[in-house]
Amino acid sequence: MNVLEISRLAFVIAFYLYCLSFIFYVVAVTGKTWRNRDPVRHERKWGAVSFVTSSLGLLSHFIYCGTRWAYSGHIPVSNMYEFMTFLSMMVMLAFTVIFLIYRKILIGMFALPVAIIIMAYAAVFPKDVQPLIPSLQSIWLYIHVTLAATGEAFFAIGFAAGLMYLLRTVEFDKQDKSSLRQKRWLEFTLYSIIIVLGFVISVYGFRAANYEAVFVQNTTVIDSEVQEDSTIERIVYNLPPIVAPDDSKPEYIDSFLGLKFPWFEAPSWMKGEQAGRQLNTVVWAVVTGTLLYFLLRLLLRKPLSRLIAPTLKSLDPDDLDEISYRSIAIGFPIFTLGALVFAMIWAQQAWGRFWGWDPKEVWALITWLFYSAYLHLRLSRGFQGRQSSWLAVIGFIVVMFTLIGVNLIIAGLHSYAGVD
Amino acid sequence: MIQNTKCECGHQNRVGTVLCEACGKPLYDSDQSTEPLEMRYDGVARRSQKSNPNFIDRIWNFFSSVKVAVYLIIITLVGAMFGTIFEQESNFVYFDPSTFYKQKYGTIGDIYYKLGLSHTYESWWFVTLLVMIGASLVICSLDRVLPLYKALSRQKIRKHRQFLIRQRVVYEGPVENLTGDWISSAVTSLKKKGYRVKHDEDALLAEKQRFSRWGPYIIHIGLIIFLLAILFRGLPGLNVDKHYWFPEGEITKIPDSNLYLKNEGFTVEYYPEEELPEKFRESGRVVPKLFETKAVLYQCTADCDDPSKDPLLEEVKRHDIRVNDPLNYNGFKVYQFDFDLTPKLRSVTPSLVRADTGESYGKFKLSMTNSEETYQVGPYTLELSNKYMDFDLNEEGKPVSKSNDPNAPAFLFVIKGPDLPEAGVQYIYFPKQIDKERFQQDAINERLGGLDSGLALDVLGMEDVDFIASSSYLNIRVDRAMPFVWIGLGIVMLGLVLGFYWHHRRIWLRLDGQTLILGAHTAKNWFGLRREVARFLQDMGVDVDEKHLENRGNQV
C-alpha cells in the first residue's frame with residue numbers, strides 16, 4: 001500500500017466516522033427525553049461517545065492531509081477536491097475549538113452535517129494529485145489558503161449556530177406576518193441544503209451507473225495574423241445532458257429513461273472551464289434536490305424545520321446566539337489575515353500588484369465587508385438574536401459563493417483553483 | 001432648552017450624557033426599571049451630541065454615526081458586486097471596450113459598458129464611497145475614543161445601586177459571615193484571576209484587559225493609513241507599472257529610466273509525463289513547471305543620452321526571475337509576466353542583386369531594431385526612408401505599422417547610384433518570405449517604381465538570417481507607497497487581535513450592610529464573564545448558577 005492509498009483510505013474512514021458521530025450526537029441530544037433515562041447521565045455518556053468519535057474522524061482527516069502532502073510534495077489545497085476537503089477539516093477543527101470552549105454537544109448536531117456535506121461535495125471532484133503550476137509554487141499557497149479556510153470554517157460554525165438559533169426560536173403556531181416570513185425562509189434555507197445533497201446524490205448515482213455523454217465543442221480564436229485558430233474539444237458529461245455546452249454537437253449520448261437530450265444550450269457568456277457541463281450539474285442538483293425535498297415532505301407530512309425544531313427545545317437561545325457570534329468573532333481576524341492580508345502579499349509577489357479587482361479578490365472583500373457590517377450592527381446597533389442569526393446564515397452563503405460560485409460562473413485569475 | 005444635567009450625587013455632566021460620569025446612575029430612566037443599561041462608551045457624551053450643531057457639526061454628526069457607516073459598507077459591498085458581473089476593462093488590453101462588451105454579451109453588455117460598470121472600481125461613485133468610508137473611519141473613531149478614554153481613566157470605585165443592578169451580569173443577595181476582611185479576600189481572589197483591583201472599605205472595582213477596548217480604534221487607524229497609502233500611490237513618480245518585451249540575448253533599455261535589462265535566456269519547463277496524473281496523460285495535457293528569465297540589470301553611468309555613442313553600462317543586479325520570485329533592485333521590481341516562443345527576426349543580411357542576371361553587389365546587415373539610416377552596398381547607397389515593424393495596409397491603402405513588435409517587418413529604401421535617377425528609386429523590402437507573399441512585395445514595388453532599376457534585395461541562404469529564439473514579457477514595477485500599505489495592514493491585524501482575542505471585563509461590587517450588590521460588564525463574550533463571576537462568587541462562599549447571573553430586564 002503506498003502513501004496515496006493510505007491517504008484515500010483515511011479520507012473514507014474520516015467520512016464514515018463523521019457520519020457515525022453525527023448519529024451519536026443526534027442520539028445524545030434527542031435521547032434525553034426517552035423513557036427510563038436519566039437525562040444528565042445520558043447526555044454525559046453519549047456526549048462523550050460522540051465527541052470521541054468525531055475527534056477520531058478529525059484525526060483520520062489529518063492523516064489524509066499529511067499523507068497526501070507527503071505524497072505530492074505540496075500541501076493539498078491546490079484544486080477543488082483538495083480545497084473543499086481541507087475546508088471540511090477546518091470546519092471540524094473549528095467545531096472542536098468551539099466545543100471545548102462551550103461544551104454544548106448540540107453544536108455537533110449542526111456542525112457535523114456542515115462538515116459532512118462539504119466533504120461529500122469535495123469527493124465529487126477529480127481526486128488526482130496534480131503538480132503545481134508556477135504561479136502556485138510559493139510558501140504563500142500554504143499560508144494564504146489554509147488561513148482563509150480556517151476563518152471560513154469559523155464562519156461555518158457561526159452559520160450552524162445561527163441556524164440553530166432560528167430553528168429554536170421560530171414560532172410555528174403564530175400566524176402573524178413576521179412569523180410566517182420566518183418560517184418560509186427557514187424552510188427555504190433547509191431546502192437549499194437539500195439541493196447540495198441532491199448534487200452529491202445525482203453525481204454519485206450516475207457515476208455508479210457509468211453514465212456518459214460526449215459533446216464536441218468548437219472554439220475559434222482569431223489571432224493577430226487574421227488566421228482562425230480553431231480547437232476542437234471533447235466534453236464528457238457524466239450526467240444526462242439537460243444543458244449542452246455552448247456551440248456544440250453531441251457525439252454520443254447514453255440513454256436515460258428513454259428521454260431525449262439535450263434540452264437546451266448553455267448561454268455563451270458563462271465563464272469558467274466547461275461552463276456548460278457545470279451548469280448541467282447545477283440543474284441536476286436542483287432537480288434531484290427538489291425531488292428529494294418533496295419526497296421527505298410527503299413522508300413526514302410537515303415542514304423539515306418543524307421536524308428539527310423540537311430537538312432544540314432544551315437549549316438556551318441566548319447561548320446559541322453567543323456561540324454564533326463568538327465563532328464569527330474568532331474567525332474574523334483569521335479570515336482578514338488569510339484571505340486579504342496574506343493574499344495581498346502573495347499577489348504582490350506573484351503578479352506585482354497587491355490588489356487587481358479580480359473577481360475572487362472582490363468577493364473576498366465583499367465577504368469581509370459583510371462580516372464587518374455584521375460586527376458593527378451587533379456591537380454598536382444592538383443587533384442580537386434573530387437579526388444577527390439571519391446575518392450569520394446569509395454571511396455563510398456569501399462565503400460559499402466566493403468559494404464555489406465565483407469559480408463556477410465568473411472565473412478569472414483564480415480559475416486554476418477550479419474543478420478539473 | 002436648557003437641560004438639567006446635574007446628577008443627584010452632585011456631579012455636573014455634559015449634555016448628551018446618559019449615565020452619570022461619576023456614580024453611573026442612569027440620568028433619564030425611571031428608578032424602577034431593571035432593563036440592562038446601554039453601556040456603550042460608558043454612557044458618556046460624544047462630541048457629536050452637541051446641543052446646537054452648526055454646519056460643520058452636522059457633517060461631523062453624519063459621519064460619526066455607526067448607522068451611516070454600516071450603510072456605506074453595504075452600499076460599497078453591493079457596488080463591488082456589480083463589477084464582477086462581466087470582466088473589467090483593466091483585465092484585458094487587446095480589445096476596444098466600446099465594441100467588446102456589445103459583441104461578447106449583446107445588449108446587456110452594451111448597457112453594462114454604457115453605465116460605466118466596465119470600470120466599476122475606478123468610477124467616481126466607487127471612489128467617493130471609499131473616501132466616505134475613510135471619513136467615517138476617522139470621525140467615528142475620534143468621536144468616541146476620546147470620551148471613552150476619559151471615562152475609563154477616571155472611574156469611581158463606588159457606583160450607584162441603579163447602575164449595578166442594571167448591568168447584564170448582576171448578583172444581589174445577602175452575604176453570610178460578613179467580616180471586616182471580606183473585601184480584602186475578594187481582592188485577593190480577583191487578583192488571582194488577573195484583575196487589577198481598586199477598593200475602599202465596602203466597594204470594589206476590578207478590571208482587566210482594558211487595552212482590548214482600543215482594538216477597534218487601532219483597526220480604524222490601520223485602515224486609514226491603508227486607504228491614504230492607496231490614495232497617494234496615484235501621485236506621479238510613486239508608481240510605475242509597465243510591460244515590455246525583452247528579446248533573448250539582447251540588452252534592452254527600460255524606457256523612462258537609466259536602467260537596461262539583458263535577457264540572458266528564457267526557459268519554460270514542463271512536467272515530465274510520469275509526474276502527471278493518468279487523466280492528463282491520456283488527454284495529452286501539458287502542465288508548465290517553470291518560467292524563468294535569466295536577467296541582468298545594468299545602470300547607465302555615462303553617455304546615456306548621447307545618441308552618437310554607446311552608453312556605458314554597469315551591472316547592478318543579476319537574478320533569475322520566476323513567477324513568485326521577482327528581481328528587486330532597491331524597490332525597482334521586475335516580474336515574469338508572459339513569454340513568446342515564436343522565433344523573431346533579429347537581423348537579416350540581404351544581398352543587393354541585379355534581378356535579371358543575379359549579379360550580386362554585396363551584403364549588408366539589417367537589424368530589425370537598430371537599423372541604420374544608410375547602407376553602402378557596392379556602388380549603391382540605400383537610404384532607409386521608412387520602417388514598419390508590423391506592416392499592414394489601412395483602409396485607404398496606406399502602409400501603417402500595427403505595433404512595435406517585429407511581427408511583419410518591412411523596410412522602405414531609397415536606392416541611389418549609377419544609372420539611377422538623381423532622386424533615387426523607392427524600394428520596399430520584406431525580410432520574411434511569408435510577408436513578401438501576403439503583402440505582394442512585387443506589386444507594391446511596381447507601383448513605387450522600384451522594379452525599374454532592375455535591382456532587388458534578397459537573402460541568399462539561411463546563414464544570412466539571425467533569429468531571436470524567444471522573448472520574455474516582463475512587468476516593471478515601482479511602488480513607493482507599498483511600505484505604508486503593509487504598515488497599515490499590520491496595524492489593522494494588531495487591532496483585530498487585541499479587540500477580538502482579549503476582552504475588557506469589569507466587576508463592580510458594593511456592600512450595603514449585609515447585602516452584596518455585584519454588577520459586571522464586558523463588551524463581548526458574556527458567557528465567559530458569567531462563568532468567571534460565578535467562580536469568583538463560589539470562592540467567596542456564594543453558590544450561584546452562571547445562568548442566574550444574567551439580567552434580562554423585565555422579561556424574567
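Cut-offs applied
- Residues numbered from 1 in each chain as written.
- Chains lettered and ligands numbered in written order.
- Predicted model: local features only at pLDDT ≥ 70, side-chain atom pairs only at ≥ 80, totals over all residues.
- Helix = DSSP H or I, 4+ residues; strand = E, 2+ residues; numbered from the N terminus.
- Rg over C-alpha atoms; globule rule 2.2 N^0.38 Å.
- Buried ≥ 20, exposed ≤ 12 C-beta atoms within 10 Å, placed from the backbone.
- Expected span 1.5 Å × (residues − 1).
- Contact = placed C-beta atoms within 7 Å.
- Nonpolar A, V, L, I, M, F, W, Y, C, P; charged D, E, K, R; others polar.
- Axes fitted to C-alpha atoms, helices over the stretch in contact; angles between N-to-C directions.
- Parallel < 35°, antiparallel > 145°, perpendicular 65-115°, else oblique.
- Left-handed = near helix turned anticlockwise from the far one by under 90°.
- Core = buried A, V, L, I, M, F, W, Y, C linked by C-beta atoms within 7 Å.
- Domains from an automatic or database assignment.
- UniProt positions renumbered as here; feature names shortened; annotations may be inferred.
- Pairing = 2+ DSSP bridges.

Student: Before we go on, may I ask you to explain the overall build of chain A in this structure?
Tutor: The secondary structure content of chain A amounts to 11 helices and 5 strands. Relative to the compact-globule value of 22 Å for 420 residues, chain A shows a C-alpha radius of gyration of 23 Å, a close match. Counting across all 420 residues of chain A, residues that qualify as buried make up 47%.

Student: How should helix α3 (residues 80–102) of chain A be read in this particular structure?
Tutor: Along an α-helix, residues three or four apart share an orientation, since each turn contains 3.6 residues. Helix length check: α3(A) (23 residues) gives 32 Å between terminal C-alpha atoms against 33 Å at 1.5 Å per residue, within 8%. Immediately beyond the C-terminal end of α3(A), within one or two residues, lies A:R103, with a positive phi of roughly 55 degrees.

Student: I'm lost on the interface of chain B and chain A in this one. Help?
Tutor: Accessible area lost upon the coming together of the parts serves often as the stated size of an interface. The interface is formed by 46 residues belonging to chain B together with 43 residues belonging to chain A. Where the side of chain B that touches chain A is concerned, the elements lending two or more residues are α2 (66–82), β7 (288–302), β10 (332–340), β23 (471–479), α11 (482–501) and α12 (526–539) of chain B. Taken together, the residues that form the side of chain B that touches chain A break down as 28 nonpolar, 9 polar and 9 charged.

Student: Would you explain the packing of helix α1 (residues 3–30) of chain A against helix α4 (residues 106–123) of chain A in this entry?
Tutor: Residue and element names in this part refer to chain A. Running from N to C, α1 and α4 point in directions that differ by 155 degrees, and their axes come no closer than 9 Å. The orientation of α1 with respect to α4, classified from their angle, is roughly antiparallel. The interaxial crossing formed by α1 with α4 has left-handed handedness. Side by side, α1 and α4 meet where F15, Y18, C19, S21, F22, Y25, V26 and V29 of the first sit next to L106, G108, M109, L112, P113, A115, I116 and M119 of the second.

Student: Would you explain the nonpolar core in this entry?
Tutor: If you look at soluble globular proteins, the nonpolar side chains tend to sit buried side by side. Within the largest apolar cluster, 154 residues are counted, with the highest numbers of intra-cluster contacts made by A:V91, A:I157 and A:A160. Tallying contributions element by element places helix α9 (residues 317–351) of chain A first for this core, with 19 residues. Each of two domains, domain 1 (47–152) and domain 3 (239–342 + 471–479) of chain B, supplies a minimum of three residues to this core. Other than its neighbours up to four places away in sequence, A:A160 contacts A:I107, A:F110, A:A111 and A:V114.

Student: It is not clear to me how the UniProt feature "domain: Cytochrome c assembly protein" (unreviewed entry) in chain A should be interpreted in this structure. Could you clarify?
Tutor: The residues that UniProt annotates with the feature "domain: Cytochrome c assembly protein" (unreviewed entry) are residues 78–204 and 318–414 of chain A. For residues 78–204 of chain A, the helix share is 79%, the strand share is 0%, and the end-to-end C-alpha distance is 23 Å.

Student: When you look at the sheet that holds strand β6 (residues 259–270) of chain B in this model, what are you seeing that I'm missing?
Tutor: Hydrogen bonds between backbone atoms are what pair the strands of a sheet, whose relative direction is either parallel or antiparallel. All names here are of chain B. An order of β5-β6-β7-β8 is seen for the 4 strands of this open sheet, with the pairing classed as antiparallel. Sheet topology places β5 (251–253) and β8 (312–322) at the edges, where each strand pairs with a single neighbour. With strand direction ignored, the average angle separating the axes of adjacent strands in the sheet is 25 degrees.

Student: Just to check I follow, could you spell out the sheet that holds strand β14 (residues 366–367) of chain B for this structure?
Tutor: All names here are of chain B. Taking strand neighbours across the sheet as the criterion, the 3 strands line up as β14-β11-β22 in an open arrangement whose pairing is antiparallel. Looking at which strands have only one partner, the edges of the open sheet turn out to be β14 and β22 (465–468). When strand β11 (residues 344–348) meets β14, the two strands line up antiparallel, connected through 2 bridges. The residue bridging V348 from the neighbouring strand is L366, located in β14.

Student: What should I look at first to understand the packing of helix α7 (residues 215–233) of chain B against α11(B) in this one?
Tutor: Residue and element names in this part refer to chain B. One way to put it is that α7 packs onto α11 with a least axis distance of 7 Å and a crossing angle of 165 degrees. If you check the angle between α7 and α11, you find them roughly antiparallel. Taken as a pair, α7 and α11 cross one another with a handedness that is left-handed. Tallied by class, the residues present in the contact of α7 with α11 amount to 19 nonpolar, 5 polar and no charged.

Student: Would you mind showing me how to read unusual backbone geometry here?
Tutor: Trans is the common state for peptide bonds, and a negative phi is the common state for residues other than glycine. Here A:R301, not a glycine, exhibits a phi torsion of approximately 60 degrees, which is positive. Of note, A:R301 is situated in the loop between α7 (275–300) and α8 (304–308). At B:Q440, a position not held by glycine, the phi torsion is positive, near 55 degrees. With respect to the helices and strands, the residue B:Q440 is situated in the loop between α9 (433–438) and α10 (441–448). For B:Q440, a count of 12 C-beta atoms within 10 Å puts it in the exposed group.

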